[in-house]
Every structure is written in C-alpha cells, then in structure tokens.
Amino acid sequence: MTSTTATPPETRYRICPLCEACCGLDVQVADGKVIAIRGKADDVFSHGYICPKGFALKDLHEDPDRLRQPLVRRNGELQPATWDEAFEEIERRLVPIIEHHGKDAVALSVGNPTAHKMSLVLYFARLARALGSKNIYSASTLDQIPKQLASGWMFGHWLSIAVPDIERCDFLLILGANPMASNGSLWTVPDYRGKAKALRARGGQIVVVDPRRTETAAVADAHHFIRPGADVFLLAAMVNTLFAENLAKPGRLAEWTTGIDEVRAAVAAFTPEAVAARCGIDAETIRALTRQLATTERACIYGRIGTCTQEFGTLSSWLVDTLNVLTGHLDAPGGAMFPHAAAFAPNTQGKPGIGRGIITGRHASRVSHAPEVMGEFPMTVLAEEIETAGKDQIKALITLASNPVLSSPGGPRLAKALDSLEFMVSLDIYLNETSRHADVVLPGMSPLEDEHYDVTFPQFSHRNHARYSPPVFPPTDGQPPEWQNLLRLIAIVRGLGAQADVLALDDAMLEQEVNKQAGGHAPAVLGALAASGRKGPDRLLDLALRSGPHGDLFGLKPQGLNLDKVIAAPGGIDLGPLQPRIPEMLRTPSGRIELAPPACLADLQRARDRLAEAAPEMVIVGRRDVRSNNSWMHNLHTLAKGPERCTALIHPKDAERLGLADGALAQISAGDGSVERTVTAPVVISADMMPGVISLPHGWGHNKAGAQLRVAAERPGANLNDVLNDQLRDPLSGNAVLSGVAVRVSAVS
Ligand SMILES: Nc1nc2c(c(=O)[nH]1)N[C@H]1C(S)=C(S)[C@@H](COP(=O)(O)OP(=O)(O)OC[C@H]3O[C@@H](n4cnc5c(=O)[nH]c(N)nc54)[C@H](O)[C@@H]3O)O[C@H]1N2
Ligand SMILES: Nc1nc2c(c(=O)[nH]1)N[C@H]1C(S)=C(S)[C@@H](COP(=O)(O)OP(=O)(O)OC[C@H]3O[C@@H](n4cnc5c(=O)[nH]c(N)nc54)[C@H](O)[C@@H]3O)O[C@H]1N2
Ligand code: SF4
Ligand SMILES: [Mo]
C-alpha cells in the first residue's frame, strides 16, 4: 500500500483484544493514523493469522461514534462533561445510595470485553470487593459458567479448563462450537482452519455435532445433527456405552480419580436406544462415536457454548470431561489438556495437588432464589432484582463493558427496569442500548491506545505463550486508562472521594496484596517492583510473571520470565506445547479428579424426567458470524457492509410447511399468551439446518432511541433475546437457556 504521509510508516505490534484467538497483529502507522493492519507473521503463537475483525480495529479506532469524553445526564439529557465533573457526579449520587440502602443496593454488571482488557480484568474484581455487594452479574451466566462450575467441581478451580491439544490430536469430536466463525472459545486457537486442515492431513478426523451444518462442519470429516438441548442425553449415552463395552480405561488417571463407579451407576438408564430419538442421532452412531473416541490414542471431545447455554449446561459440560477422563484422553498429549499460563493462573498458585475446591450457594438472589455461583447471580435475574421492592433492592447499577439490554434474555424488561434505577453509571466506549440508560457514561480507550497482555486466555491456550504489546498510540487528550477510572470508583465507594490520589491508592492496594501473598519476602518484592517504575496493570503483570510458574522469582531463577523479557521479545515468547499437569494442577479437597459431583448425579434425575417428555416441535438456536462480535461491532463499516447477517435460517421442509419464502419476513414468537415475545427477521432457507430448528444470531436490535450507533442503526436487525425467556436457566449454574427454546414461526403477511 502506498501512502502520501510526511513521516515514513512504522510498524507496531498489537495483540488483538477482540476475541479469544488473541492474534498478534502488525499495525502500520504514520502521522498518528493507521495505514494498514496485518497478521504478524513472526508472532510465536498466531503466526500471521488475522480475521476481518482484526482489520476493523482501524475502524474502531476512528469510529466517530466511539465516545471520547464522559457524559453526564443533566435535565434528562446526556451531555458532555469533564472527567472531574463526571466523577463528582458519581460521588454525589452513589455515596448516599450506599449510605441509605446498604452495599447490596449497588449492582455491578460485567461484560465480555472485560476479559479481554488488562485494565478491566485486573481491576474489576478490586471494584467488586470494594463495593462488597452480593449483586454481581456478568456475561458468564450467558455463556460459560456451566463449564466453569463442572470444571471447578472436578478439578478444584473455576479456571481449570481442559482444552484440545489440536496439534497432536487425531480425533476431535466437537459439540456446540463453531470455531470457524467464533475463532474458538475456552480454547485459544488462532487459525482453527489451518490447524484442522493439518489434523486431517496427518490422517486424523474431526466430527461435529450441531443442529446446524456449520462452517466448522464443512471442514470436518463428518457432521451429525442433534436436537438442541439433547447433548446431555447423547453424552450420558456415550458414557453408558464406555462402561457397557468395557471401553472405560482412564489409564494413568485411574489413580487420580474418584467416583468412577458412581458415574457408571448414574448413567445406567441412558442407553443409546433410550436417547436416540430425543437426540435425533441413531443408537449405532452413538456407539460408533464412542468407540472412535475411546480407541483413538490421541483424541478428545470439546463442547462449547451450544452445550453450555441450555437447560442441562452443567451436566453436559461435566459429561464432556467425564468422557475425556474415562477414555484416558484428559491431561494426555493430543487430548484435552491444561495450559500452564505464565501469569495469573490460579491453578499454578498455592499448594500443588490439593486445595479447597469451589464453593457455591453462599447466598441466593432475593426473588428467584438463584444460588450464587462464582460470586455472581444469573444475569437473567438482574431485572427482577431491580424491580422488586424490599431490603437489598438494587437502586444503582454500574455497567462495565456490558450490554445486557441486547445480550441477555428479557432485554426489553431490563431496559424498563434500568429507567427505574436511582442512579446508573456505564463504563463503555459507545452510547448503546444499555449505556443510553446511564446517568454518567465513562468512555474506555481505543484498543490501540492501551497496553495489552492476555490475562485470561493463556489459561485456555492450545500452547503456552507469553506476549505483550505496548500502546500503538498515546491516549486521546486527557483520557485516563480504564484501570484509573476503576480506581477512582473504588475511591468513591470507599469514601475517599472523587479527588483521591488514585496512584497512591493503587500503591496501597498493591502493598496490602503483596504483604498477604509474599509474607517475609514482601519488602524485597515491593522494592523490586518499585525499582521498575511501573504502575497499574503493568506492575501487576510484572509481579504475576516473576512469581508465576515460568518466572524469575525475583532473581532466584535468573533464566525465568519477567515483564522486561516479554516486552523485549518481538512476537512474544513461546513456552512450548501443553504438558501433563495431573496431579500438580488439582485443587480439589481430595487431591483427585472428583468425577461424580453430587449435584451432577442428582441433576441426572431431572434429565431422565425430561427425556420422558416430548420435545418441542420448533426450537430456536443462535449462531455467530466472523464479521460480527456479540452486540458491539455492528457500527464498523468494514464489518457491517455486505449481505444482511441477522437472518433466520430454516430448513426447506419447515419453510414449506410454514409458508415461508426465501427472503420473506418471518415472525418468531414465544410465550404463553400472558407474556408474548416476538421478533421478525428475513428468512434464509437452508438445508444446513436441522428440520425443526431455526437459527438467529444474537446481539442485534440496534433500533433503540437514544443510542448513538449511526452505522448499526441503518440495519438494526432483530434481537434474538427479545424472544428468549429470562426465567429459563440451568438450575445448577444459573446460566441462561439460549438454545433449544420453543418458538412459533409464521410468515409476516
Ligand atoms: N441469545 C444469545 N445471547 C447471548 C449469546 C448467545 O450466544 N445467544 N452469547 C452470550 C455471550 S457468549 C456473551 S459473552 C454475552 C456478551 O454480553 P455483553 O458482554 O453484555 O455484550 P457485548 O456485546 O460483548 O458488549 C460489550 C460492551 O462493551 C463495550 N466495550 C467494548 N470495548 C470496551 C472497552 O474497551 N471498554 C469498555 N468500558 N467497554 C467496552 C461495548 O460497547 C458493549 O457495550 O452475550 C451473550 N448473549
Ligand atoms: N465472530 C465472532 N466471534 C466470536 C463471537 C462473536 O459474536 N462473533 N463471540 C465470542 C464469544 S463471547 C464466545 S462465548 C465465543 C463462542 O464460540 P462458540 O462456542 O464457537 O460459539 P458459536 O459460534 O455460537 O457456536 C455455537 C454452536 O452451537 C450450536 N448449538 C446451538 N445449540 C446447540 C445444542 O443444543 N447442542 C449442540 N451440540 N450445538 C448447539 C450452534 O448451532 C452453533 O453452531 O465466540 C467468541 N467469538
Ligand atoms: S480471530 Fe479474533 S483475535 Fe484474531 S484478528 Fe480476528 S478478532 Fe482478532
Ligand atoms: Mo461469550
């Protein structure tokens, strides 16, 4: 590409923060502008891979709708304000609410980008602690909390999640995931397509189980339709088959596993014949899949969001890893393995091999009595907790990179509830469907203006790595990084005031944490950190790297990692393929894999009852598109152009039966008459759909007054979550049921 700029272009490294693939990018800049973005060929982890969203970082950086200045509501209107005015308003309005109604009256809603931003992920938990509120909500309960709960019960920590070792795997069974569109989830695997191709080229096989013949199915060896929500039955029947055919051979793990006999007994009723009709998969296919999984030396099963966002999300997630354990594929090369992240991984901290395990249900939500899981209540009870009067009613809300009006079932109800709050603050980069309800909006930076290290995703990566990218551009005038905004909120809720010295507060918090963790070594550790001159997230990162499993231990292991070394390595540091980690990574009270969590065994009875019921005739599922990202990237020209993406896919037979023509509008509704929920979307007739299933993507519905999303509003799309029922949850995890919900479909006349 040629340029007519005054200064020669420079190339800056930036790790993409948009999805879990965490690709390393080369951003070419000149005169403060992005000239081009490419995949960084010599990134040690992503090797040059980039998807269309990576290119769109330029659009995001330049988007005129992206907020750069705080907004404060005055006389009913959100108006530009200075940072001091915004924080003074927060202090003036929030502190009295805490004083009068108590700390539970303030809720925090945490969205997906929080996991992708160092500034946010390292400081939101500190804000939550400072608030001390029980009312913590996040996208986790619209997503992966069932997997975290099952993994927590089995392996002892919420973040001990096993991921396919794809580069050494010869048989990969994928349920409810479409990494060709999503680029992987709870599995950081840039260039899935290339890795899948390599797997097949070396003679391996990939099989996909999904109610839609997806882009991932298209590059697999086989695909089986499954009735949405039936994974629990399929998986239980596979476990049943392992025992029936004497294929349950955990190998090395036998010594480290408890509960195998309990599992055998618990799945006895789930024979392939008993579940075949409900799954839409015949009994012989279930047996064949089980045999292939059990007898391929390097193999594993991977289940993702389709297996989580359903009524039996926790059971399905548990059974996925139960199969991996019983076939000897867990923690084995080519199977499902545990990453060994260089920083921040709880399963590398504390005493190896044993722990307290996880605790849930320490309290329950007031209205639906949903148990606390991972310190959170389900996002789908937020609206009722705002609406319902009484002690601990939510009076104020802080949203952090969170757009629940679109991303959570019951969005319209929530939107109404938000207007009844006494006070609301949104930390967001857009004035969108949720933040338009706020009284104060605090904009985050452009992703090209902040530093980046993946705090979360090396914990789910198919290979170990440590990579850091500094800011590409200096911040927009006067705009603080988000960790400083969070510190200022912490100062306000702790009564230190809006004008508190946030850097001093950060120092004090660090000192307290290091004293707790490092004991007698604390002064030396704090001295070394101070000597680097770093502040905020960078300093926390240096601490985590140096004290982590690959770290220099502040000089005790001079060859080990520290932040200087990671920064100095262009394209990052490769820490090698995944290695077996059992028993070291276990943190269960027994020091074993606890294969038979009592709550899972008990919930199997509910599954048996459900199996006896007739399945609904027509159900809805979601999907993802590579040019979209949940609810918030529809305002970027490069992604928004092209064919309409918010379409309803339906099988030709269903279309004929329902009188739906290709391109015509379908009305999709649910409800019981008293509450009717309806959306309309253009139909695309597709033989890739399972008959009886309609697919609509989520994150659309950008037609709300008061939002400032000019590009997205041109083609707003329909909001899938307007049809879904906010009362449907997996009772164990509280996760919303987003998949397999019964709907009625008809032509719009
Ligand atoms: N029906 C259905 N619903 C779903 C899903 C589904 O599959 N089907 N998927 C669910 C899943 S997996 C998830 S993770 C959730 C996501 O749910 P949310 O996290 O609520 O939604 P996002 O669309 O990711 O919205 C992110 C918000 O963060 C803002 N943002 C982006 N970058 C930044 C930043 O750097 N700083 C700040 N402060 N804000 C920023 C965006 O403007 C947006 O408002 O949606 C869930 N909802
Ligand atoms: N391009 C893009 N990438 C993204 C996102 C995005 O919005 N766009 N979102 C990011 C986020 S927040 C997440 S959590 C990940 C999710 O990443 P993935 O888990 O890969 O999510 P999806 O691509 O939605 O694929 C889910 C699949 O489950 C299928 N499915 C639905 N119901 C069932 C069921 O009952 N059983 C089975 N077996 N399958 C079912 C759907 O048809 C779909 O093909 O993607 C991330 N990456
Ligand atoms: S795959 Fe994900 S991380 Fe990679 S460029 Fe695309 S959005 Fe960014
Ligand atoms: Mo997600």
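Residues numbered from 1 in each chain as written. Chains lettered and ligands numbered in written order. Predicted model: local features only at pLDDT ≥ 70, side-chain atom pairs only at ≥ 80, totals over all residues. Heavy atoms only, no water.

**Student:** Got a sec to walk through the sheet that holds strand 1 (residues 10-15)? Specific residues and values, please.
**Tutor:** As summarised here, the arrangement of the 3 strands in space is 1-2-3, forming an open sheet in which the pairing is antiparallel. Since the sheet does not close on itself, it has two edges, and those belong to strand 1 and strand 3 (33-39), each with one partner. Neighbour-to-neighbour, the strand axes of the sheet open up by a mean angle of 30°, direction not taken into account. Where strand 2 (residues 24-30) meets strand 3, 6 bridges bridge the pair, whose relative direction is antiparallel. Across the sheet, residue Ala30 finds its bridge partner in strand 3, namely Lys33. (Pairing = 2+ DSSP bridges. Helix = DSSP H or I, 4+ residues; strand = E, 2+ residues; numbered from the N terminus. Axes fitted to C-alpha atoms, helices over the stretch in contact; angles between N-to-C directions.)

**Student:** Please give an account of the site of ligand 2 that cites residues and values.
**Tutor:** Near ligand 2 lie 31 residues; those nearest to it are Ser182, Asp210, Asp231, Ser628 and Ser739. Residue Asn630 places a main-chain N or O atom 2.7 Å away from an oxygen atom belonging to ligand 2. Coverage of ligand 2 by the protein amounts to 97% of the 920 Å² it exposes when considered alone. Where the shell around ligand 2 is concerned, the elements lending two or more residues are helix 6 (179-182) and helix 13 (305-308). Among the elements that line the shell around ligand 2, the one with the most residues is helix 6, at 3 residues. For the shell around ligand 2, the residue count by class is 10 nonpolar, 14 polar and 7 charged. (Near = heavy atom within 4 Å. Polar contact = N/O pair within 3.5 Å; in protein donor to acceptor, adjacent residues only side chain to side chain. Areas by Shrake-Rupley, 256 points an atom, 1.4 Å probe, with all protein chains shown as cover. Nonpolar A, V, L, I, M, F, W, Y, C, P; charged D, E, K, R; others polar.)

**Student:** Give a detailed account of helix 11 (residues 272-279), specifying residues and quantitative values.
**Tutor:** All of the buried residues in helix 11 are Pro272, Val275, Ala276, Arg278 and Cys279. Looking at the buried residues of helix 11, the elements they touch are helix 9 (231-244), helix 12 (283-295) and helix 23 (598-611). (Buried < 20%, exposed > 50% of the residue type's maximum accessible area, 1.4 Å probe, protein only. Contact = heavy atoms within 4.5 Å.)

**Student:** Quick rundown of the domain arrangement of the protein? Include the residues and the values.
**Tutor:** Taken as a whole, the protein is organised into domain 1 (160-351 + 590-608) and domain 2 (616-747). Counting from both sides, the interface comprises 24 residues of domain 1 and, opposite them, 27 residues of domain 2. With both chains or domains summed, domain 1 and domain 2 bury close to 1900 Å², and 60% of this area falls on carbon and sulfur atoms. If you sort the residues of domain 1 by the area they bury against domain 2, Arg212, Arg227 and Thr309 come out on top, with a joint share of 30%. (Domains from an automatic or database assignment. Buried area = accessible area lost by both parts, 1.4 Å probe.)

**Student:** Could you give me a rundown of the pattern of salt bridges, with the residues and numbers involved?
**Tutor:** Evaluation of the coordinates by the stated rule reveals 50 salt bridges. Put simply, Arg657 and Glu617 hold a salt bridge, and the shortest N to O gap is 3.4 Å. Of this pair, Arg657 sits in helix 25 (residues 652-658) while Glu617 is found in the loop between helix 23 and strand 23 (619-621), placing the two residues 40 residues apart along the sequence. Look at Glu617 and you get exposed, because its relative accessible area is 59%. Taken together, the shared-partner salt bridges connect Glu245, Glu273, Glu284, Arg287 and Arg291 into one network. (Salt bridge = Lys/Arg side-chain N within 4 Å of Asp/Glu carboxyl O.)

**Student:** Explain the site of ligand 3 residue by residue, including any values.
**Tutor:** Near ligand 3, the surroundings consist of Cys16, Leu18, Cys19, Ala21, Cys22, Cys23, Tyr49, Ile50, Cys51, Lys53, Gly54 and Asn183. Looking at the shell around ligand 3 residue by residue, the class counts come to 9 nonpolar, 2 polar and 1 charged.

**Student:** Quick rundown of the packing of aromatic side chains? Include the residues and the values.
**Tutor:** Between two aromatic rings, the relevant description is the distance of the centres plus the angle of the planes. Tallied over the entire structure, the rule returns 8 aromatic pairs. Cluster of aromatic residues (ring-pair linked, three or more members): Trp187, Tyr192 and Tyr302. Residue placement shows Lys40 over the ring face of Tyr13; its charged tip is 5.4 Å from the ring centre. The positively charged end of Arg126 is found above the aromatic ring belonging to Tyr123, 5.3 Å away from the centroid. (Phe/Tyr/Trp six-rings, centres within 6.5 Å; stacked < 30°, edge-to-face > 60°. Lys NZ or Arg CZ within 6 Å of the ring centre and 35° of its normal.)

**Student:** Please set out the sheet that holds strand 11 (residues 222-224) residue by residue, giving values where relevant.
**Tutor:** If you trace the 4 strands from one edge of the open sheet to the other, you get 11-10-9-13, paired in parallel fashion. Bordering the open sheet on either side are strand 11 and strand 13 (299-303), each of which pairs with just one other strand. For this sheet, the mean inter-axis angle between neighbouring strands, taken without regard to orientation, is 15°. When strand 10 (residues 205-209) meets strand 11, the two strands line up parallel, connected through 3 bridges.

**Student:** A description of the environment of Gln292 should follow, citing residues and the corresponding values.
**Tutor:** Along the chain, Gln292 turns up in helix 12. Judged by its relative accessible area of 24%, Gln292 is partly exposed. The residues contacting Gln292, other than those within four sequence positions of it, are Phe171 and Gln205. Side-chain polar atoms of Gln292 contact the side chain of Gln205, separated by 2.9 Å.

**Student:** Give a detailed account of the packing of helix 11 against helix 12, specifying residues and quantitative values.
**Tutor:** Taken N-terminus to C-terminus, the directions of helix 11 and helix 12 make an angle of 110°; their axes are 8 Å apart at the nearest point. Looking at the two axes, helix 11 sits roughly perpendicular to helix 12. Each of Pro272, Glu273, Val275 and Ala276 in helix 11 lies in contact with helix 12, whose residues at this interface are Ala283, Ile286 and Arg287. (Parallel < 35°, antiparallel > 145°, perpendicular 65-115°, else oblique.)

**Student:** Outline the pairing of strand 13, listing residues and values.
**Tutor:** Along strand 13, 5 of the 5 residues are buried, which leaves the element largely enclosed by surrounding structure. What you see with strand 13 is no split at all: Ala299, Ile301 and Gly303 on one side and Cys300 and Tyr302 on the other are buried throughout. Judged from the 5 bridges that link them, strand 9 (residues 171-175) and strand 13 form a sheet pairing that is parallel. Bridging from a neighbouring strand, Phe171 pairs with Ala299 of strand 13.

**Student:** If you had to explain the packing of helix 14 (residues 313-326) against helix 23 to someone new, which residues and values would you point to?
**Tutor:** Remark: helix 14 packs on helix 23, axes separated minimally by 10 Å, with the N-to-C direction vectors making an angle of 120°. Taken as axis vectors, helix 14 and helix 23 run oblique relative to one another. Here helix 14 runs over helix 23; the crossing is left-handed. Contacts between helix 14 and helix 23 involve Thr314, Leu315 and Trp318 from the former and Cys600, Leu601, Asp603, Leu604 and Ala607 from the latter. Broken down by class, the residue content of the contact of helix 14 with helix 23 amounts to 6 nonpolar, 1 polar and 1 charged. (Left-handed = near helix turned anticlockwise from the far one by under 90°.)

**Student:** Quick rundown of the environment of Gly734? Include the residues and the values.
**Tutor:** Locating Gly734 in the fold gives a position in the loop between helix 26 (710-714) and strand 28 (741-742). Accessibility expressed as a relative area gives 6% for Gly734, which makes it buried. A C-alpha to C-alpha distance of 19 Å links Gly734 and Gly357, two positions 377 residues apart in sequence. Excluding its chain neighbours within four sequence positions, the residues that come into contact with Gly734 are Thr141, Pro378 and Arg729.

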